Amino acid sequence: MGSAPANVREICRARRADGPAGVLAIGTANPANCVLQDEFPDFYFRATKSEHLTGLKDKFRRVCQKMGVRKRYLHHTEELLGAHPEFLDPHTPSLDARLDIAKAAVPELAAEASRRAIAEWGRPAADITHLVVTTNSGAHMPGVDFRLVPLLGLRPTVRRTMLYLNGCFAGAAALRVAKDLAENNRGARVLVVCAEITVQLFTRPEDGCFQTLVNQGLFGDGAGAVVVGADPVMIRTPAVVRERPIFEIVSAAQTIVPDSEDVITMHLTKGGYGGDISTRQVLVLMGDNIELCLLDAFEPLGIGTGWNDLFWAVHPGSSPVLDQVDAVLHLKPEKLAASRRVLSEYGNMFGVTVIFVLDELRRRMQNGEEGAPEWGAMLAFGPGLTVETMVLHRCVAQGTGAAPPEDKLAAA
Ligand SMILES: CC(C)(COP(=O)(O)OP(=O)(O)OC[C@H]1O[C@@H](n2cnc3c(N)ncnc32)[C@H](O)[C@@H]1OP(=O)(O)O)[C@@H](O)C(=O)NCCC(=O)NCCSC(=O)CC(=O)O
């Protein structure tokens, strides 16, 4: 016992990272079954044996056209639905069968996106120290996080955090948690994984149930994975791997919009998901509140709030949601191009969607389609009405992923 007792503050300080958390790699995945929005009303009314509801089908067609979706990917096929006639009737118990489907399918989809993110990152899966997983598609213990450990070859000591039923803000929430983990644990490499299949939502159309039409016309299935870490390093594995952040996560915040408890609700019922999205009120409350959330995020950092000077990663809840963001912030049309493209090509995949938007933004920046903004904002919305806001700093350069400065590269 020759050395002096350690100072707790010094121990804590030494454990923290020096720099901000950064997005080091992104991977995405979708099921193979692709549905075109133009053809979907025919499929949906045929699969649910509802062809006789011609007026409702016409209305569904109009709603589908409003969403801003061109195609989506769905785990459930006509064959799967044919094997589960109980899914058509929301009053028939079907939750067990739906959860069984999710139990097998969600980890597979999550693993596919994760493998892509880890391959892009370049380091071994065993170097992942923390795992943050989100889904709205199941409620199992142990959950997707547990299943991912053997599927990906993660260490059994990887520190897992499972976030269930966070709705569409789940992706931003998981990145917010990952930022804190990475910045408070020197050397941490956090794998964020969001995965959704919407078989919980599938049911037949009924007159007077507008929510069902929105659910069937808007949502899609997919998974997104992100490796988050601070203080990028260069290691030899034996090949040389140099970590290159795509975006730095400068700040992250969450806000509950006042009096919004019933605006977006979802809950598991014996017949799958129940709940409501008060469609117009969502748009109104978003319009009234997002600028304040953004000012709260940007002003303390001393970053200018000319909204058109930023790049944008907005959760594409639907085309009218993006129109509302455009209108309130007076954005130039190209500012939400990444969000609109993801919505068009994949639909609203709950919390997964914003990871696809980050991936699309990165692609657009490399191709020179995003102009020069150095700073960006992420906005995501979800139940209650909850708003997640994130300030991002661009590291990716036009034409290539930007390398971190040499002095930040430490040989591990
Ligand atoms: C549902 C919409 C696409 C409809 O678009 P518009 O409002 O512009 O369209 P519109 O007024 O022309 O309406 C199109 C048709 O739908 C009907 N309609 C619209 N709202 C209705 C309602 N609440 N109840 C019954 N019918 C309704 C109209 O009468 C019309 O029918 P007719 O044609 O017969 O006259 C939009 O309101 C929307 O995007 N709302 C927000 C959706 C949303 O919350 N997305 C986020 C998902 S949740 C999420 O992302 C987070 C999470 O879940 O956690």
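Values in this document were obtained by computation on a predicted structure and should not be read as measured data. (Residues numbered from 1 in each chain as written. Predicted model: local features only at pLDDT ≥ 70, side-chain atom pairs only at ≥ 80, totals over all residues. Heavy atoms only, no water.)

Chemist: Is there a simple way to think about the packing of helix α11 (residues 337-346) against helix α12 (residues 353-366) in this case?
Modeler: For any two helices packed against each other, the geometry comes down to the angle between their axes and how far apart the axes lie. Interhelical geometry of α11 versus α12 gives an angle of 120 degrees and a closest axis separation of 9 Å. In terms of axis orientation, α11 runs oblique to α12. Here α11 runs over α12; the crossing is right-handed. Facing α11, whose interface residues are Ala337, Ala338, Ser339, Arg341, Val342 and Tyr346, α12 presents Thr353, Phe356, Val357, Glu360, Leu361, Arg363 and Arg364. Per-class residue counts for the contact of α11 with α12 are seven nonpolar, two polar and four charged. (Axes fitted to C-alpha atoms, helices over the stretch in contact; angles between N-to-C directions. Helix = DSSP H or I, 4+ residues; strand = E, 2+ residues; numbered from the N terminus. Parallel < 35°, antiparallel > 145°, perpendicular 65-115°, else oblique. Left-handed = near helix turned anticlockwise from the far one by under 90°. Contact = heavy atoms within 4.5 Å. Nonpolar A, V, L, I, M, F, W, Y, C, P; charged D, E, K, R; others polar.)

Chemist: Mind showing me how you'd approach the nonpolar core here?
Modeler: One recurring pattern in soluble globular proteins is that nonpolar side chains are buried together. Counting 49 residues, the largest nonpolar core has Leu131, Leu148, Leu154, Leu191, Val193, Ile197 and Val227 as the members making the most contacts within it. Sequence-distant contacts of isoleucine 197, that is, excluding residues within four places in its chain, are made with His75, Ile101, Ala102, Ala105, Val106, Leu109, Ser137 and Asp221. (Core = buried A, V, L, I, M, F, W, Y, C linked by side-chain atoms within 4.5 Å. Buried < 20%, exposed > 50% of the residue type's maximum accessible area, 1.4 Å probe, protein only.)

Chemist: What's the story with the UniProt feature "domain: Chalcone/stilbene synthase N-terminal" (unreviewed entry) in the protein chain in this structure? I'm lost.
Modeler: In this numbering, the UniProt entry assigns the feature "domain: Chalcone/stilbene synthase N-terminal" (unreviewed entry) to residues 10-232. Between the C-alpha atoms that bound residues 10-232 there is a distance of 23 Å. The span itself is 41% helix and 20% strand. (UniProt positions renumbered as here; feature names shortened; annotations may be inferred.)

Chemist: What am I meant to see in the side chain of serine 319 here?
Modeler: Note on placement: serine 319 falls in helix α10 (residues 319-329). Exposure remark for serine 319: the relative accessible area of 15% places this residue in the buried category.

Chemist: I tried to follow the sheet that holds strand β5 (residues 159-164) on my own but got confused; where do I start?
Modeler: Adjacent strands of a sheet form backbone hydrogen bonds with each other and so pair up, either parallel or antiparallel. With respect to topology, nine strands assemble into an open sheet ordered β5-β4-β6-β7-β1-β10-β15-β14-β13, the strand pairing being mixed. Each edge of the open sheet carries a strand with a single partner, namely β5 and β13 (311-314). Sheet twist, expressed as the mean angle between neighbouring strand axes with direction ignored, is 25 degrees. Two elements, strand β1 (residues 21-29) and strand β7 (residues 222-230), share eight bridges in a ladder whose sense is antiparallel. Each residue of the ladder has a partner; that of valine 23, found in β7, is valine 228. Packing against the sheet, helix α9 (residues 279-298) makes contact with β10 (247-256), β13, β14 (375-382) and β15 (386-394), and its axis sits at approximately 140 degrees to β14. (Pairing = 2+ DSSP bridges.)

Chemist: Where do I start with the pattern of salt bridges in this structure?
Modeler: Opposite charge on two side chains makes pairing possible when the charged atoms of those side chains draw close. Summed over all chains, the structure comprises 25 salt bridges. The shortest N-O distance in the salt bridge between glutamate 112 and arginine 116 comes to 3.2 Å. Within this pair, glutamate 112 and its partner arginine 116 are both found in helix α5 (residues 95-121), separated by four residues, close to a single helical turn. The partner of aspartate 127 in a salt bridge is arginine 123, with the nearest N and O atoms 3.1 Å apart. By sharing partners, the salt bridges in this structure join Arg341, Glu360, Arg363, Arg364, Glu369 and Glu370 into a single network. (Salt bridge = Lys/Arg side-chain N within 4 Å of Asp/Glu carboxyl O.)

Chemist: Sorry if this is basic, but what is going on with unusual backbone geometry here?
Modeler: Excluding glycine, most residues fall at negative phi; most peptide bonds, likewise, are trans. Put simply, methionine 141 and proline 142 share a cis peptide bond, and its omega is -10 degrees. Relative to the assigned elements, proline 142 resides in the loop between β4 (130-135) and α6 (144-152).

Chemist: Whenever I open this one, the site of the ligand confuses me. Can you help?
Modeler: Lining the immediate surroundings of the ligand are 22 residues, of which Arg62, Cys168, Arg280, His315 and Ser318 lie closest. The contact in question runs from an oxygen atom of the ligand to an N or O atom on the side chain of lysine 66, over 3.1 Å. The separation between a nitrogen atom of the ligand and a polar main-chain atom of glycine 317 is 3.4 Å. Protein chains shield 75% of the accessible area of the ligand, which is 1,000 Å² for the free molecule. Of all the elements in the fold, those that place two or more residues in the shell around the ligand are α3 (54-66), α8 (210-218), α9 and β14. Top contributing element to the shell around the ligand by residue count: α3, with four residues. The residue makeup of the shell around the ligand, split by class, is 11 nonpolar, seven polar and four charged. (Near = heavy atom within 4 Å. Polar contact = N/O pair within 3.5 Å; in protein donor to acceptor, adjacent residues only side chain to side chain. Areas by Shrake-Rupley, 256 points an atom, 1.4 Å probe, with all protein chains shown as cover.)

Chemist: Before we go on, may I ask you to explain the UniProt feature "active site" (unreviewed entry) in the protein chain in this structure?
Modeler: Residues annotated in UniProt with the feature "active site" (unreviewed entry) correspond here to Cys168. For cysteine 168, the contacting residues outside a window of four places in its chain are Phe219, His315, Asn348, Phe350, Gly351, Ala380, Phe381, Gly382 and Pro383.

Chemist: Would you mind showing me how to read α9 here?
Modeler: Residues that lie three or four places apart on an α-helix share one face, since the helix turns once every 3.6 residues. Counted at 1.5 Å a residue, the expected span for α9 with its 20 residues is 28 Å, and the 28 Å between its end C-alpha atoms agrees. The sharpest bend along α9 comes to roughly 35 degrees, located at asparagine 289. (Expected span 1.5 Å × (residues − 1). Bend = angle between axes of the 7 residues up to and from the residue.)

Chemist: Hey, could you run me through the pairing of β1 in this one?
Modeler: Burial analysis of β1 places nine of its nine residues in the buried class, the great majority of the element. Pairing of β1 with β10, which is carried by two bridges, proceeds in the antiparallel orientation. From the neighbouring strand, valine 23 faces β10, where its bridge partner is phenylalanine 247.

Chemist: How should I be thinking about the pairing of β10 in this particular structure?
Modeler: Regular strands have side chains that alternate between both faces of the sheet. Two strands pair when backbone bridges link them, and β10 and β15 are joined in this way by nine bridges, in the antiparallel orientation. Bridging from a neighbouring strand, glutamine 254 pairs with glutamate 388 of β15.

Chemist: Help me understand the side chain of threonine 48 in this model?
Modeler: Mapped onto the elements of the fold, threonine 48 is located in the loop between α2 (40-47) and α3. In contact with threonine 48, other than residues within four places in its own chain, are Leu88, Phe202, Thr203, Arg204 and Pro205.

Chemist: Even after reading the chapter, I still don't get the packing of α5 against α6, so can you show me in this structure?
Modeler: Interhelical geometry of α5 versus α6 gives an angle of 50 degrees and a closest axis separation of 10 Å. Relative to α6, the element α5 lies oblique. Here α5 runs over α6; the crossing is right-handed. Of the residues in α6, those in contact with Val106, Pro107, Glu108, Ala110, Ala111, Ser114, Arg115 and Ile118 of α5 are Val144, Arg147, Leu148, Leu151 and Leu152. Considered class by class, the residues forming the contact of α5 with α6 number nine nonpolar, one polar and three charged.

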